[in-house]
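For reference, the chains in residue letters:
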Amino acid sequence: MSVLVLVLAVSAACCLGFGFVLQQSAAQQAPRGDFLSPRLLLDLMKVPSWLGGIALMVAGMALGAAALGQGQLCLVEPLLATNLLFALALSRRRTRQSLGRQGWAGLVLLAGGVTAFIVAGEPRGGAAAPDPLRLWLIIGAMVGLALLLTMRAKRTRLSSGPVLLALAAGLLYGVQDALTRLSGDRFAASGMSGLLTSWQPYAVLLIGVTGLILVQSAFETAPLRKSLPALTAAQPLAGIICGVGFLGDRLHTDTGALAWQAAGLAAVVAGIVALGMHPAMPRGTVIPAVVPVPALQGAATR
(Lines give C-alpha, C1' and ligand atoms only; values in the text may rest on other atoms or scores of the structure.)
Protein backbone atom coordinates (compact mmCIF):
# COMPACT_ATOMS: atom_id res chain seq x y z
CA MET A 1 0.00 0.00 0.00
CA SER A 2 1.33 3.42 -0.98
CA VAL A 3 2.10 5.75 1.92
CA LEU A 4 0.58 8.59 -0.11
CA VAL A 5 -2.73 6.72 -0.47
CA LEU A 6 -2.73 5.98 3.26
CA VAL A 7 -2.10 9.61 4.20
CA LEU A 8 -4.70 10.95 1.75
CA ALA A 9 -7.40 8.44 2.76
CA VAL A 10 -6.89 8.89 6.53
CA SER A 11 -6.81 12.68 6.12
CA ALA A 12 -10.08 12.44 4.19
CA ALA A 13 -11.57 10.30 6.99
CA CYS A 14 -10.48 12.90 9.56
CA CYS A 15 -12.21 15.73 7.68
CA LEU A 16 -15.35 13.65 7.13
CA GLY A 17 -15.59 12.56 10.77
CA PHE A 18 -15.20 16.09 12.16
CA GLY A 19 -17.60 17.41 9.50
CA PHE A 20 -20.33 14.90 10.38
CA VAL A 21 -20.29 15.93 14.04
CA LEU A 22 -20.66 19.63 13.17
CA GLN A 23 -23.40 18.92 10.63
CA GLN A 24 -25.46 16.84 13.02
CA SER A 25 -25.29 19.37 15.83
CA ALA A 26 -26.76 21.96 13.45
CA ALA A 27 -29.21 19.70 11.59
CA GLN A 28 -30.98 18.56 14.77
CA GLN A 29 -32.21 22.17 15.21
CA ALA A 30 -33.74 22.36 11.71
CA PRO A 31 -37.53 22.54 11.23
CA ARG A 32 -39.11 19.08 11.11
CA GLY A 33 -41.15 20.14 8.07
CA ASP A 34 -37.92 20.18 6.00
CA PHE A 35 -37.56 16.41 6.26
CA LEU A 36 -36.33 15.00 2.90
CA SER A 37 -36.80 18.39 1.26
CA PRO A 38 -34.19 20.58 -0.49
CA ARG A 39 -35.46 23.35 1.82
CA LEU A 40 -33.51 21.63 4.58
CA LEU A 41 -30.22 22.57 2.89
CA LEU A 42 -31.39 26.16 2.38
CA ASP A 43 -32.25 26.49 6.08
CA LEU A 44 -28.99 24.91 7.20
CA MET A 45 -26.95 27.26 5.03
CA LYS A 46 -27.81 29.98 7.55
CA VAL A 47 -26.01 28.10 10.35
CA PRO A 48 -22.23 28.80 10.55
CA SER A 49 -21.37 25.50 12.26
CA TRP A 50 -23.14 23.55 9.51
CA LEU A 51 -21.24 25.46 6.83
CA GLY A 52 -18.04 24.58 8.67
CA GLY A 53 -19.05 20.92 8.68
CA ILE A 54 -19.81 21.05 4.95
CA ALA A 55 -16.44 22.70 4.27
CA LEU A 56 -14.74 19.83 6.10
CA MET A 57 -16.85 17.31 4.19
CA VAL A 58 -15.90 18.88 0.85
CA ALA A 59 -12.23 18.82 1.88
CA GLY A 60 -12.63 15.16 2.84
CA MET A 61 -14.24 14.33 -0.51
CA ALA A 62 -11.43 16.12 -2.36
CA LEU A 63 -8.79 14.20 -0.40
CA GLY A 64 -10.72 10.99 -0.98
CA ALA A 65 -10.83 11.70 -4.72
CA ALA A 66 -7.06 12.24 -4.66
CA ALA A 67 -6.62 8.92 -2.85
CA LEU A 68 -8.83 7.20 -5.43
CA GLY A 69 -6.63 8.65 -8.16
CA GLN A 70 -3.62 6.91 -6.61
CA GLY A 71 -5.13 3.67 -5.33
CA GLN A 72 -7.91 1.16 -5.79
CA LEU A 73 -11.44 1.72 -4.52
CA CYS A 74 -11.27 -1.55 -2.57
CA LEU A 75 -8.26 -0.13 -0.73
CA VAL A 76 -9.48 3.42 -0.13
CA GLU A 77 -13.04 2.62 1.02
CA PRO A 78 -12.08 0.67 4.20
CA LEU A 79 -9.68 3.47 5.15
CA LEU A 80 -12.44 6.07 4.72
CA ALA A 81 -14.55 4.07 7.19
CA THR A 82 -12.17 5.19 9.95
CA ASN A 83 -13.96 8.57 9.86
CA LEU A 84 -15.94 7.25 12.82
CA LEU A 85 -12.77 7.28 14.94
CA PHE A 86 -12.34 10.99 14.32
CA ALA A 87 -16.04 11.68 14.91
CA LEU A 88 -15.75 9.89 18.25
CA ALA A 89 -12.59 11.84 19.13
CA LEU A 90 -14.35 15.18 18.60
CA SER A 91 -17.45 13.98 20.45
CA ARG A 92 -15.33 12.79 23.37
CA ARG A 93 -13.70 16.20 23.59
CA ARG A 94 -17.15 17.79 23.79
CA THR A 95 -18.72 15.33 26.24
CA ARG A 96 -15.52 14.45 28.18
CA GLN A 97 -16.53 10.77 28.19
CA SER A 98 -13.82 8.16 28.72
CA LEU A 99 -13.22 5.64 25.94
CA GLY A 100 -13.96 2.63 28.16
CA ARG A 101 -14.16 -1.02 27.13
CA GLN A 102 -16.74 -0.38 24.42
CA GLY A 103 -14.64 2.32 22.82
CA TRP A 104 -11.42 0.30 22.89
CA ALA A 105 -13.20 -2.79 21.59
CA GLY A 106 -14.73 -0.80 18.72
CA LEU A 107 -11.36 0.77 17.91
CA VAL A 108 -9.61 -2.62 17.83
CA LEU A 109 -12.36 -4.19 15.73
CA LEU A 110 -12.42 -1.35 13.21
CA ALA A 111 -8.64 -1.02 12.87
CA GLY A 112 -8.10 -4.78 12.91
CA GLY A 113 -10.87 -5.40 10.40
CA VAL A 114 -9.49 -2.83 7.96
CA THR A 115 -6.01 -4.31 8.31
CA ALA A 116 -7.24 -7.90 7.87
CA PHE A 117 -9.23 -7.04 4.74
CA ILE A 118 -6.37 -5.14 3.11
CA VAL A 119 -3.68 -7.71 4.00
CA ALA A 120 -5.78 -10.73 2.97
CA GLY A 121 -7.28 -9.17 -0.16
CA GLU A 122 -4.24 -7.20 -1.33
CA PRO A 123 -6.41 -4.90 -3.52
CA ARG A 124 -4.76 -4.18 -6.84
CA GLY A 125 -5.81 -2.42 -9.98
CA GLY A 126 -6.85 -3.83 -13.30
CA ALA A 127 -8.64 -2.82 -16.45
CA ALA A 128 -12.14 -1.46 -15.90
CA ALA A 129 -14.82 -3.83 -17.14
CA PRO A 130 -15.75 -2.81 -20.70
CA ASP A 131 -19.25 -4.23 -20.38
CA PRO A 132 -21.61 -1.27 -19.80
CA LEU A 133 -24.43 -3.68 -18.90
CA ARG A 134 -22.56 -4.76 -15.77
CA LEU A 135 -21.91 -1.14 -14.80
CA TRP A 136 -25.54 -0.12 -15.15
CA LEU A 137 -26.81 -3.25 -13.41
CA ILE A 138 -24.66 -2.60 -10.34
CA ILE A 139 -25.39 1.13 -10.23
CA GLY A 140 -29.10 0.47 -10.83
CA ALA A 141 -29.21 -2.07 -8.01
CA MET A 142 -27.51 0.33 -5.59
CA VAL A 143 -29.68 3.30 -6.52
CA GLY A 144 -32.84 1.17 -6.54
CA LEU A 145 -32.11 -0.20 -3.07
CA ALA A 146 -31.39 3.34 -1.81
CA LEU A 147 -34.76 4.45 -3.22
CA LEU A 148 -36.60 1.60 -1.49
CA LEU A 149 -34.89 2.40 1.82
CA THR A 150 -35.83 6.08 1.46
CA MET A 151 -39.47 5.26 0.73
CA ARG A 152 -39.59 3.04 3.79
CA ALA A 153 -37.91 5.74 5.89
CA LYS A 154 -40.66 8.22 5.02
CA ARG A 155 -43.15 5.94 6.78
CA THR A 156 -41.00 5.37 9.87
CA ARG A 157 -39.20 8.70 10.14
CA LEU A 158 -38.98 8.78 13.95
CA SER A 159 -38.22 5.09 14.55
CA SER A 160 -36.10 3.25 12.01
CA GLY A 161 -36.24 6.07 9.44
CA PRO A 162 -32.87 7.69 10.28
CA VAL A 163 -31.04 4.37 10.05
CA LEU A 164 -32.67 3.58 6.70
CA LEU A 165 -31.81 7.04 5.35
CA ALA A 166 -28.21 6.65 6.48
CA LEU A 167 -28.00 3.25 4.78
CA ALA A 168 -29.42 4.74 1.58
CA ALA A 169 -26.95 7.63 1.69
CA GLY A 170 -24.07 5.21 2.31
CA LEU A 171 -25.02 3.19 -0.78
CA LEU A 172 -25.17 6.37 -2.87
CA TYR A 173 -21.83 7.60 -1.54
CA GLY A 174 -20.24 4.27 -2.44
CA VAL A 175 -21.51 4.68 -6.02
CA GLN A 176 -20.35 8.30 -5.98
CA ASP A 177 -16.82 7.19 -5.06
CA ALA A 178 -16.81 4.72 -7.94
CA LEU A 179 -17.99 7.37 -10.42
CA THR A 180 -15.40 9.80 -9.02
CA ARG A 181 -12.76 7.22 -9.91
CA LEU A 182 -14.22 6.89 -13.43
CA SER A 183 -14.24 10.69 -13.79
CA GLY A 184 -10.58 10.81 -12.83
CA ASP A 185 -9.74 8.14 -15.41
CA ARG A 186 -11.71 10.07 -18.02
CA PHE A 187 -9.85 13.28 -17.20
CA ALA A 188 -6.48 11.52 -17.38
CA ALA A 189 -7.34 10.04 -20.78
CA SER A 190 -9.15 12.94 -22.50
CA GLY A 191 -8.49 16.09 -20.46
CA MET A 192 -11.10 18.59 -19.29
CA SER A 193 -13.01 18.61 -22.57
CA GLY A 194 -13.46 14.84 -22.44
CA LEU A 195 -14.53 15.02 -18.78
CA LEU A 196 -17.16 17.72 -19.37
CA THR A 197 -18.70 15.81 -22.29
CA SER A 198 -19.11 12.60 -20.25
CA TRP A 199 -21.98 11.77 -17.91
CA GLN A 200 -19.94 10.69 -14.88
CA PRO A 201 -19.15 14.11 -13.30
CA TYR A 202 -22.79 15.19 -13.51
CA ALA A 203 -23.89 11.92 -11.92
CA VAL A 204 -21.34 12.52 -9.14
CA LEU A 205 -22.87 15.95 -8.49
CA LEU A 206 -26.47 14.67 -8.55
CA ILE A 207 -25.72 11.73 -6.26
CA GLY A 208 -23.76 13.99 -3.92
CA VAL A 209 -26.64 16.44 -3.47
CA THR A 210 -29.18 13.62 -3.07
CA GLY A 211 -26.99 11.88 -0.50
CA LEU A 212 -26.52 15.14 1.36
CA ILE A 213 -30.29 15.63 1.70
CA LEU A 214 -30.68 12.06 2.98
CA VAL A 215 -27.85 12.45 5.49
CA GLN A 216 -29.06 15.79 6.84
CA SER A 217 -32.61 14.42 7.17
CA ALA A 218 -31.21 11.51 9.18
CA PHE A 219 -29.16 13.89 11.33
CA GLU A 220 -32.24 16.09 11.81
CA THR A 221 -34.44 13.33 13.23
CA ALA A 222 -32.01 11.20 15.26
CA PRO A 223 -28.79 11.44 17.29
CA LEU A 224 -25.48 10.80 15.59
CA ARG A 225 -25.11 7.41 17.28
CA LYS A 226 -28.18 6.17 15.42
CA SER A 227 -27.37 7.37 11.91
CA LEU A 228 -23.59 7.57 11.48
CA PRO A 229 -22.82 3.84 12.01
CA ALA A 230 -25.22 2.85 9.22
CA LEU A 231 -23.78 5.48 6.89
CA THR A 232 -20.19 4.50 7.65
CA ALA A 233 -20.86 0.76 7.22
CA ALA A 234 -22.83 0.98 3.96
CA GLN A 235 -20.42 3.21 2.03
CA PRO A 236 -17.35 0.92 1.97
CA LEU A 237 -19.44 -2.17 1.23
CA ALA A 238 -21.08 -0.45 -1.75
CA GLY A 239 -17.75 0.94 -2.92
CA ILE A 240 -16.05 -2.47 -2.79
CA ILE A 241 -18.88 -4.01 -4.82
CA CYS A 242 -18.49 -1.28 -7.44
CA GLY A 243 -14.71 -1.58 -7.41
CA VAL A 244 -14.74 -5.31 -8.07
CA GLY A 245 -17.87 -5.20 -10.22
CA PHE A 246 -16.94 -2.68 -12.91
CA LEU A 247 -13.75 -0.80 -12.01
CA GLY A 248 -11.47 -3.76 -12.46
CA ASP A 249 -10.21 -3.92 -8.85
CA ARG A 250 -8.93 -7.37 -7.98
CA LEU A 251 -8.76 -9.23 -4.68
CA HIS A 252 -7.34 -12.61 -3.76
CA THR A 253 -10.06 -15.22 -4.22
CA ASP A 254 -8.59 -18.36 -2.64
CA THR A 255 -10.55 -19.84 0.25
CA GLY A 256 -8.28 -18.59 3.03
CA ALA A 257 -8.08 -15.05 1.65
CA LEU A 258 -11.85 -14.84 1.17
CA ALA A 259 -12.42 -16.05 4.72
CA TRP A 260 -10.09 -13.38 6.13
CA GLN A 261 -11.67 -10.70 3.94
CA ALA A 262 -15.16 -11.64 5.13
CA ALA A 263 -13.97 -11.69 8.74
CA GLY A 264 -12.28 -8.32 8.25
CA LEU A 265 -15.43 -6.71 6.83
CA ALA A 266 -17.52 -8.23 9.63
CA ALA A 267 -15.09 -6.80 12.19
CA VAL A 268 -15.26 -3.40 10.48
CA VAL A 269 -19.06 -3.36 10.71
CA ALA A 270 -18.98 -4.54 14.35
CA GLY A 271 -16.42 -1.89 15.23
CA ILE A 272 -18.46 0.80 13.51
CA VAL A 273 -21.56 -0.18 15.48
CA ALA A 274 -19.63 -0.29 18.79
CA LEU A 275 -18.07 3.13 18.22
CA GLY A 276 -21.27 4.63 16.87
CA MET A 277 -23.20 3.54 19.96
CA HIS A 278 -20.52 4.82 22.35
CA PRO A 279 -21.88 7.13 25.12
CA ALA A 280 -19.59 9.91 23.88
CA MET A 281 -21.56 10.20 20.66
CA PRO A 282 -24.09 13.07 20.75
CA ARG A 283 -27.55 11.97 21.86
CA GLY A 284 -29.32 14.75 20.00
CA THR A 285 -32.49 16.42 21.08
CA VAL A 286 -35.62 14.65 22.21
CA ILE A 287 -38.59 15.23 19.95
CA PRO A 288 -41.60 16.01 22.12
CA ALA A 289 -44.68 13.91 21.75
CA VAL A 290 -47.58 15.47 19.90
CA VAL A 291 -50.61 15.94 22.13
CA PRO A 292 -53.95 15.51 20.30
CA VAL A 293 -55.93 18.71 19.90
CA PRO A 294 -59.10 17.32 21.58
CA ALA A 295 -57.02 16.49 24.66
CA LEU A 296 -55.71 20.05 24.80
CA GLN A 297 -59.24 21.44 24.45
CA GLY A 298 -60.47 19.15 27.22
CA ALA A 299 -57.67 20.29 29.49
CA ALA A 300 -58.54 23.93 28.76
CA THR A 301 -62.22 23.48 29.68
CA ARG A 302 -61.25 21.79 32.93
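About the thresholds
- Here the residue index of a chain counts from 1 through its sequence in written order.
- Thresholds applied to this predicted model are a pLDDT of at least 70 for local features of residues and 80 or more for the giving and counting of side-chain atom pairs; totals over whole chains, interfaces and linings are not thresholded and use all residues.
- Side-chain numbers here rest on the full set of heavy atoms in the structure, without hydrogens or water.
- Counting from the N terminus, the helices are DSSP H or I runs at least four residues long and the strands are E runs at least two residues long.
- Helix span is expected to be 1.5 Å times the residue number reduced by one.
- Burial classification: accessible surface area is computed with a 1.4 Å probe over protein chains only, and a residue below 20% of its type maximum counts as buried, one above 50% as exposed, and the rest as partly exposed.
- Here a residue-residue contact requires only that any non-hydrogen atoms of the pair lie within 4.5 Å.
- We call two N or O atoms a polar contact when they sit within 3.5 Å, provided that within protein one can donate a hydrogen and the other can accept it, with sequence-adjacent residues counted only if both atoms are side-chain atoms.
- Axis lines are fitted to C-alpha atoms, over the contacting stretch for helices. Their N-to-C directions set the angle, which ranges from 0 to 180 degrees.
- We call two directions roughly parallel when the angle between them is under 35 degrees, roughly antiparallel when it is over 145, roughly perpendicular when it lies between 65 and 115, and oblique otherwise.
- Should the near helix be turned counterclockwise from the far one by less than a right angle, the crossing is left-handed, whereas a clockwise turn marks it as right-handed.
- Throughout, the ten residues Ala, Val, Leu, Ile, Met, Phe, Trp, Tyr, Cys and Pro are labelled nonpolar, Asp, Glu, Lys and Arg are labelled charged, and all others, Gly among them, are labelled polar.
- Aromatic pairing here means that ring centres of Phe, Tyr or Trp (its six-membered ring) are within 6.5 Å. Orientation follows from the plane angle: under 30 degrees is stacked, over 60 is edge-to-face, and everything else is tilted.
- Salt bridge, as used here, is a side-chain nitrogen of Lys or Arg placed within 4 Å of a carboxyl oxygen of Asp or Glu.

J.: Would you mind showing me how to read helix H7 (residues 132-155) here?
T.: Since there are 3.6 residues in each turn of an α-helix, residues three or four apart along the chain are aligned in direction. The end-to-end C-alpha distance of H7, which contains 24 residues, comes to 35 Å, matching closely the 34 Å that a straight helix rising 1.5 Å per residue would cover. Residues of H7 that are buried include every one of Leu 135, Ile 138, Ile 139, Met 142, Ala 146, Leu 149, Thr 150 and Ala 153, and no others. If you follow the buried residues of H7, they end up packed against helix H8 (161-196), helix H9 (200-221) and helix H10 (224-246).

J.: Explain the side chain of Gln 24 here, please?
T.: Relative to the assigned elements, Gln 24 resides in helix H1 (residues 3-27). According to the relative accessible area criterion, Gln 24 is buried, its value standing at 1%. Polar contacts involving the side chain of Gln 24 include one to the main-chain carbonyl oxygen of Phe 219, which spans 3.5 Å.

J.: When you look at the packing of H7 against H8 in this model, what are you seeing that I'm missing?
T.: Between two packed helices, the angle of one axis relative to the other and the distance separating the axes together describe the packing. It is the contact of H7 with H8, at a shortest axis distance of 8 Å, that shows an interaxial angle of 160°. Relative to H8, the element H7 is oriented roughly antiparallel. When you trace H7 past H8, the crossing you get is left-handed. Counted together, Leu 135, Ile 139, Met 142, Val 143, Leu 145, Ala 146, Leu 149, Thr 150, Arg 152 and Ala 153 of H7 and Gly 161, Leu 164, Leu 165, Leu 167, Ala 168, Leu 171, Leu 172, Val 175, Leu 179 and Leu 182 of H8 form the full contact between these two elements. Taken together, the residues that form the contact of H7 with H8 break down as 17 nonpolar, two polar and one charged.

J.: Explanation requested: the packing of aromatic side chains in the structure shown.
T.: Centre distance and the angle of the planes are the two values used to describe a pair of aromatic rings. Per the counting criterion, the structure on display carries three aromatic pairs. Consider the rings of Phe 18 and Phe 86, whose centres lie 6.2 Å apart with planes at 90°: the pair is edge-to-face. Of this pair, Phe 18 sits in helix H1 while Phe 86 sits in helix H5 (residues 83-95), and the two are 68 residues apart along the sequence. Here Phe 18 falls in the partly exposed class, since its relative accessible area comes to 27%.

J.: What is the right way to look at the pattern of salt bridges in this model?
T.: Scanning the model with the defined rule gives two salt bridges in all. In this structure, the salt-bridge partner of Arg 181 is Asp 185, at a minimum N-O distance of 3.8 Å. Here the residue Arg 181 and the residue Asp 185 both occupy positions in helix H8, the gap between them amounting to four residues, near one helical turn. By relative accessible area, which is 39% here, Asp 185 ends up partly exposed. Its salt-bridge partner being Arg 181, residue Asp 249 comes within 3.5 Å of it at the nearest N-O pair. Of this pair, Asp 249 sits in the loop between H10 and helix H11 (255-276) while Arg 181 sits in helix H8, and the two are 68 residues apart along the sequence. A relative accessible area of 3% means that Asp 249 is categorised as buried. A residue is classified by how much of its surface remains accessible, and Arg 181, at 12% relative accessible area, is buried. Within the structure, one salt-bridge network assembled from shared partners comprises Arg 181, Asp 185 and Asp 249.

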